[in-house]
Amino acid sequence: MKQLYKFRPNYFLYGILTAVIFCTLTWKTAANGVPDRFFYSLLTEQSDTTKPGSRNDSLTAAKVALTDTTKLPGSDSTQLKQKVDTFSLKTSKDSLDAPLKYEAADSAVVMIQAKKIFLYGKTKTEYKDITLTAPKVEVDQEKQVVTAVNSKDSTGEVIETAHFKSGESEFTSDTIQYNIKSQIGLTKNTYTTQGEILVIGEVAKKVNENTTFIKKARFTTCMLDDPHFAFVTPQMKVINQKLAVSGPAHPEFEGVPVPVYLPFGFYPLSQGRHSGLLRPQFMTDEVRGLGLQGLGYYKVLNDYWDAQLSADVFSYGEYALALKTTYRKIYKYNGGFNLSMRSSKVNFKGDPDFAKTQVYNISWSHSMDTRTRPGVNFSANVNAGSTKYNELIPGNTFLNYQNLLGSSITYSKAWRNKPFNLSISATHSQNNAIGLINLNLPNAAFTVSNIYPFQRKTSKGTIKWYEKLGVAYNGNFSNTISFYDTLSYGQNGVKPFLKYLLDTAQWTAQHSVPITLSLPPILGGRIIVAPGVNYGQTWIQRTTNYSWNHVLKKVDTVTSKGLFIDQRGSASLSFNTALFGTVQFKKSRVMALRHVIRPTMGLSYTPDLNKGHIKSTQVDTTGRVLFYNEIGGGFLYNASTRKSASLNFGVDNNVEMKWRSKKDTGDLAVKKVKVIEGFGFNGSYDFIRDSMNLSPISIYFRTTLLEKININASTTLNPYQTDSRGYDIAKYAWEGGKFKLGRLTTGSISISTNFQSKPKDAKKEEQRKKDVEQRLNDPSLLADQQRLLEYMQQNPNEFVDFNIQWNLSLSYSLSFINTIKSDFSGFEKDFTSGVSFNGGFNLTDKWKLSGSGSYDFDTREVQYLSLSINRDMHCWQLSINVIPVGYTRSFSFSISPKASLLQDLKINRNRYFSTY
């Protein structure tokens, strides 16, 4: 049952006034010749309500607007004229300034004389922005008080409560008394949520729209009617979505009070960022001693920037400083900048093994919303520092074994409706294992996409073959600097170091003009023909020459500065096609097999435009001679010239299977599976070479078995025999009486798989996937994704998914390569192989055991091993992590609330054992 009722007293007086107004308007319209049709409006304005008991009623001015139609003198047309009559009427002191709407599922009783309304059964009362729902509501018009109560069953248990919402304020209570005019309310046994905090009050008094006083309050982040833990205080003041202030407070767990009292409490409730101190974590380390980790301050600089300064301090003298800043401007850009410094000591002064090390690290991530300036993009992903920085971080196996770091800063611009593209970048790479750092800056690239000079502006009829002739341009500039951070440059290290950088810096500029022609397919479209011509130049600032040192019996390197130009040109003609074959089966779940073969063949010619720069040198004591290009210093493979006339060939295969599943029916039962995603080889044969015309053959294979096991393999087959030192000789491997295709010089294989159980809550898992996909597809969150990924890698125990009963990831890798010895005396084959795992399973619904590790088959040692056990305590989480093997061994215990507001209540115990 639904009713709509507006409080309007003195109905008899209203009826008389309405009749008088209607008769007056009817008489006036009839006098002006407007039969039965008029327009009017009644506007009422109410002044403030007088005090209760006063006889002075407020006056309301009412205006009646009448539309009158009259003829203008000397004109046949009519003109609308508006006449306004004014009058005054009195309104009741208990009138409201807005309609009060109510509805009830059971019944509504209106007591006219008592000026009260009683609502029963799932009631809903609305006034302005106030919404009240309850099983029973009483509306007192005279006092302007709304009273809502709960409902109970025969045993006295509450089965339905009263719910109140006004603006951002919202709470649930057993009893609610609220004055609509003054906005003062009194509630009993109230539950209200402020951000992540649930506040439970025995008696609450709402004094205005945003302020509430609570007696005997309990506040917690456990969102249960009977929370697992709470802080209890005799009195509390809450300012909606801003802050809460309490008197003396103490915690309780499962209703048991803990005798730890705070004299007062101040709790920020406003959402967003807040400046403040950072609580440190206590830890112990056998090398560093006792320490405080994460001590610092967080500062909100403005709406777009914030900064965090933190420090780690240890009793044995080691310390670390870190400055982190993040910035974001919506629909513009976002990013973060981190600068870290760590000073470590091993042993004490006077000890022969005493060592002191200072290391640094800088990281910067920046992404730009491409919607801001279409065609323009600026991005940065920087991770650089001292090569010993990662191995000095305690308790982080991921960073301890991360030896390869890289950085890139890129600005790119694409001209709209034009074929021009510009890119300016700076890159960096470093190998922490050997201490080598490479800087490539600045790098610039300018490209012009294919331009068709013979294409008609207005296409008519059949397109001519020459209209598909395209010309493009590719130009780039790069500068490379390489150095070892372990080198010593004397006491005045800055100037020698800069001089060293300038001496080792090497810049190059490359230009190429590719010309392509798209010809129509031949043989009925079965073969695609693609000719091409390319010319390019490489400008370089120095030449590199090698010479054999007969005294030291090694190769010396000499460089000469200047401007040198290396010219290259080539012409090619390629043919591509595809062959299909299908085998069908009857009375089998396997319905058909489909095999696709894609052979390619091409002819290419490359003249040697810079044959004057091809040099030779002796490389070992046997007198072996190798040829090299002094522009760039690269050695030629079994050749004395770069001139070639080659036949390039290759074959790619894939196999697909169509089968019928037993689980589904109809069209859904037919499944397509790729048996072999790719398998093939490619190589070339040079007709100009006097020997060793056939190049090494590259072979590859990739597939996914049962949609679970990923296999990738590749190798290089060398078709030539070798001498006693491992160098190739002009004799094929299958010559000499024994048939042999060749020898494998390089190769790798990787196998990985991932298994996991079905989620307990499918909807929760689906929502998680949608959230991840949304973050990945949002370009404005790229920097946040990188920071989150790094945090997850460093703190895996905080990202445990109990929704998955068990999961297991396995990967195996094997690789080998033939490398030439440093003295050019021969080759040696290096093998690397290892297996890694990551997984976990739920011991119970609330306990989860997980772990990860890797094993190196070459050293026959466990490289690292990490085990953890986690307990889901609803509003709290417990984590125990052990790293028994690795560069840094550690043990950690942590118990903390899940809510971010109470993260400072974390209780943790960390122990680290370093192997220096």
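Just so we're clear, the structure is a prediction, and the values are computed from it rather than from any experiment.

*Asks:* Looking at this model, I keep getting lost on the overall build of the chain. Mind explaining?
*Replies:* A tally of helices and strands in the chain yields 5 helices and 54 strands. In the chain, buried positions account for 32% of the 916 residues. At a minimum sequence separation of 6, the contacts of the chain that also span at least 24 residues come to 50%.

*Asks:* Before we go on, may I ask you to explain a nonpolar patch on the surface in this structure?
*Replies:* The grouping of Phe 755, Trp 806, Leu 808, Leu 810, Phe 837, Phe 841, Leu 843, Trp 847 and Leu 849 at the surface amounts to a nonpolar patch, some 740 Å² of accessible area in total. Looking at the nonpolar patch, the elements with two or more residues in it are strand 48 (806-820), strand 49 (827-842) and strand 50 (847-856). In terms of residue count, the dominant contributor to the nonpolar patch is strand 48 (3 residues). Counting through the fold element by element, Trp 847 comes out in strand 50.

*Asks:* I keep staring at unusual backbone geometry and nothing clicks. Help me out?
*Replies:* Going from Leu 441 to Pro 442, the amide bond is cis rather than trans, its omega being -10°. Residue position: Pro 442 is located in strand 32 (residues 436-451). Phi at Tyr 331 is positive, roughly 65°, even though this residue is not glycine. Here Tyr 331 is to be found in the loop between strand 26 (319-329) and strand 27 (333-346). Even without being a glycine, Met 692 presents a positive backbone phi close to 50°.

*Asks:* What should I look at first to understand the pairing of strand 11 (residues 162-166) in this one?
*Replies:* Side-chain direction in a regular strand flips from residue to residue, so the side chains alternate between the two faces of the sheet. The side-chain alternation of strand 11 yields one buried face, formed by Ala 162, Phe 164 and Ser 166, and one unburied face, formed by His 163 and Lys 165. In terms of strand pairing, strand 7 (residues 130-140) meets strand 11 through 4 bridges, oriented antiparallel. From the neighbouring strand, Leu 132 faces strand 11, where its bridge partner is Phe 164. Note that strand 11 and strand 12 (residues 169-173) share 5 bridges and pair antiparallel. Across the sheet, the residue bridging to Lys 165 is Glu 170, located in strand 12. The antiparallel pairing of strand 11 with strand 12 creates a hairpin that spans 2 residues between the two strands, and Gly 167 there sits at a positive phi of about 65°.

*Asks:* Is there a simple way to think about the nonpolar core in this case?
*Replies:* Within soluble globular proteins, side chains that are nonpolar generally end up buried alongside one another. Counting 21 residues, the largest nonpolar core has Leu 119, Leu 132, Val 137, Ala 148, Phe 164 and Ile 176 as the members making the most contacts within it. Looking at this core element by element, the count peaks at 5 residues for strand 7. Residue contacts for Ile 176: discarding those within four places in its chain leaves Leu 132, Val 146, Thr 147, Ala 148, Ala 162, His 163, Phe 164, Phe 171, Leu 186 and Thr 187.

*Asks:* How do you make sense of the side chain of Thr 147 when you look at a structure like this?
*Replies:* Locating Thr 147 in the fold gives a position in strand 8 (residues 145-149). Thr 147 has contacts with Lys 136, Val 137, Glu 138, Ile 176 and Gln 177, leaving out every residue within four places of it along the chain.

*Asks:* So what exactly am I meant to see when it comes to the state of the cysteines here?
*Replies:* Each disulfide is one covalent bond, formed between the sulfur atoms of two cysteines. In this structure the tally under the stated criterion is 0 disulfides. No disulfide involves Cys 222; its sulfur sits 3.6 Å from that of Cys 875, the nearest cysteine. Of the residues examined, Cys 875 reaches a relative accessible area of 5% and is grouped as buried.

*Asks:* Just checking my understanding: could you explain a positive patch on the surface for this structure?
*Replies:* A surface patch of like charges, here positive, comprises Arg 594, Arg 598, Lys 658 and Lys 672. Among the secondary structure elements, Lys 672 is positioned in strand 42 (residues 670-686).

*Asks:* In this structure, what is going on with the environment of Phe 229? I would like to understand it.
*Replies:* In this structure, Phe 229 sits in strand 17 (residues 229-239). The spacing of Phe 229 and Pro 251 is 22 residues in sequence and 7.2 Å in space, taken between C-alpha atoms. Leave out the neighbours within four places in its chain, and Phe 229 touches Thr 220, Thr 221, Cys 222, Glu 252, Phe 253, Cys 875, Trp 876 and Leu 902.

*Asks:* Which parts of the structure should I look at to understand the confidence of the model for the chain?
*Replies:* Fine structural detail should not be taken from predicted coordinates in areas where pLDDT scores are low. When pLDDT is averaged along the chain, the result is 79, and 82% of the positions lie at 70 or above. Here residues 1-75 scores under 50 on pLDDT; set against residues more than four positions off or in separate chains, the count is 128 contacts. Here residues 779-783 is a poorly scored stretch, pLDDT under 50, and it has 15 contacts once near neighbours within four places are set aside; other chains count.

*Asks:* Hey, could you run me through the pattern of salt bridges in this one?
*Replies:* Side chains that differ in charge, positive against negative, can pair when their charged atoms come close. Tallied over the full model, the rule gives 14 salt bridges. Glu 318 is the salt-bridge partner of Arg 342, the closest N and O atoms lying 3.6 Å from each other. On the criterion of sequence distance, the pair formed by Arg 342 in strand 27 and Glu 318 in the loop between strand 25 (305-314) and strand 26 is long-range, its members being 24 residues apart. Given a relative accessible area of 3%, Glu 318 falls into the buried group. Lys 898 is the salt-bridge partner of Asp 872, the closest N and O atoms lying 2.6 Å from each other. Linking Asp 872 in strand 51 (residues 861-873) with Lys 898 in the loop between strand 53 (888-897) and strand 54 (907-914), this pair joins segments that are 26 residues apart in sequence. Of the residues examined, Asp 872 reaches a relative accessible area of 13% and is grouped as buried.

*Asks:* Help me understand the packing of aromatic side chains in this model?
*Replies:* Geometry of an aromatic ring pair is reported as the spacing of the ring centres plus the angle between the planes. Taken as a whole and judged by the stated rule, the model has 22 aromatic pairs. Aromatic pair Phe 164 and Phe 171: ring centres 5.0 Å apart, planes at 20°, arrangement stacked. Here the two residues Phe 164 and Phe 171 agree in accessibility, since each one is buried. When the ring of Phe 219 is compared with that of Phe 231, the centres are 5.6 Å apart and the planes differ by 20°; the resulting orientation is stacked. Here Phe 219 is found in strand 16 (residues 211-220), whereas its partner Phe 231 is found in strand 17, with 12 residues between them in sequence.

*Asks:* When you look at the side chain of Ser 646 in this model, what are you seeing that I'm missing?
*Replies:* Along the polypeptide, Ser 646 turns up in strand 41 (residues 644-660). Judged by relative accessible area, Ser 646 falls into the buried class, the value being 10%. For Ser 646, the residues in contact, after removing those within four places along its chain, are Gly 602, Leu 603, Ser 604, Tyr 685, Asp 686 and Phe 687.

*Asks:* In this structure, what is going on with the pairing of strand 6 (residues 116-127)? I would like to understand it.
*Replies:* Here strand 4 (residues 100-103) pairs with strand 6 via 4 bridges, running antiparallel. Looking across to strand 6, one finds that Leu 100 is bridged to Tyr 127. As judged from the 5 bridges shared by strand 5 (residues 107-111) and strand 6, these two strands associate in the antiparallel manner. Within the sheet, the bridge partner assigned to Ser 107 lies in strand 6 and is Tyr 120. Bridge analysis of strand 6 against strand 7 gives 10 bridges, and the strand direction is antiparallel. From the neighbouring strand, Phe 118 faces strand 7, where its bridge partner is Glu 138. Taking the residues between adjacent antiparallel strands as the criterion, strand 6 and strand 7 are bridged by 2 residues, where Lys 128 takes a positive phi near 55°.

*Asks:* What is the right way to read the environment of Trp 847 from this model?
*Replies:* For Trp 847, a relative accessible area of 31% translates into the label partly exposed. Taking the C-alpha atoms as reference, Trp 847 lies 8.3 Å from Phe 802; in sequence the two are 45 residues apart.

Procedures and definitions
Chains are numbered independently. Their residues run from 1 in the order of the written sequence. Since the coordinates come from a predicted model, pLDDT governs what is reported: local features require at least 70, and pairs of side-chain atoms require 80 or more to be given and counted, while whole-chain, interface and lining totals use all residues. Think of the side-chain values as coming from all heavy atoms in the structure, minus any hydrogens and water. Each helix is a run of DSSP H or I of at least 4 residues and each strand a run of E of at least 2, with the numbering of both proceeding from the N terminus. Residue exposure (1.4 Å probe, protein chains only): buried if accessible area is under 20% of the type maximum, exposed if over 50%, otherwise partly exposed. We call two residues in contact when some of their heavy atoms are within 4.5 Å. Nonpolar side chains (Val, Leu, Ile, Met, Phe, Trp, Tyr) are joined into patches within 5 Å and like charges within 9 Å, using only residues with over 30% relative accessible area and no salt bridge. We get accessible surface area from the Shrake-Rupley algorithm with a probe of 1.4 Å; when it comes to residues, only the shown protein chains can shield them. Any carboxyl oxygen of Asp or Glu that lies within 4 Å of a side-chain nitrogen of Lys or Arg is treated as forming a salt bridge with it. Following DSSP output, two strands are said to pair if at least two bridges run between them. Side-chain atoms within 4.5 Å link the members of a nonpolar core, which is a set of buried Ala, Val, Leu, Ile, Met, Phe, Trp, Tyr and Cys residues. By convention in this document, the label disulfide applies to cysteine sulfur atom pairs within 2.5 Å. Charge assignment: positive for Lys and Arg, negative for Asp and Glu; neither His nor the chain ends contribute. Charge coordinates come from a single atom per side chain, which is NZ of Lys, CZ of Arg, CG of Asp or CD of Glu. The score called pLDDT rates the predictor's confidence residue by residue, from a low of 0 to a high of 100. When two rings of Phe, Tyr or Trp (its six-membered ring) have centres within 6.5 Å they constitute a pair, described as stacked for plane angles under 30 degrees, edge-to-face for angles over 60, and tilted for the intermediate range.

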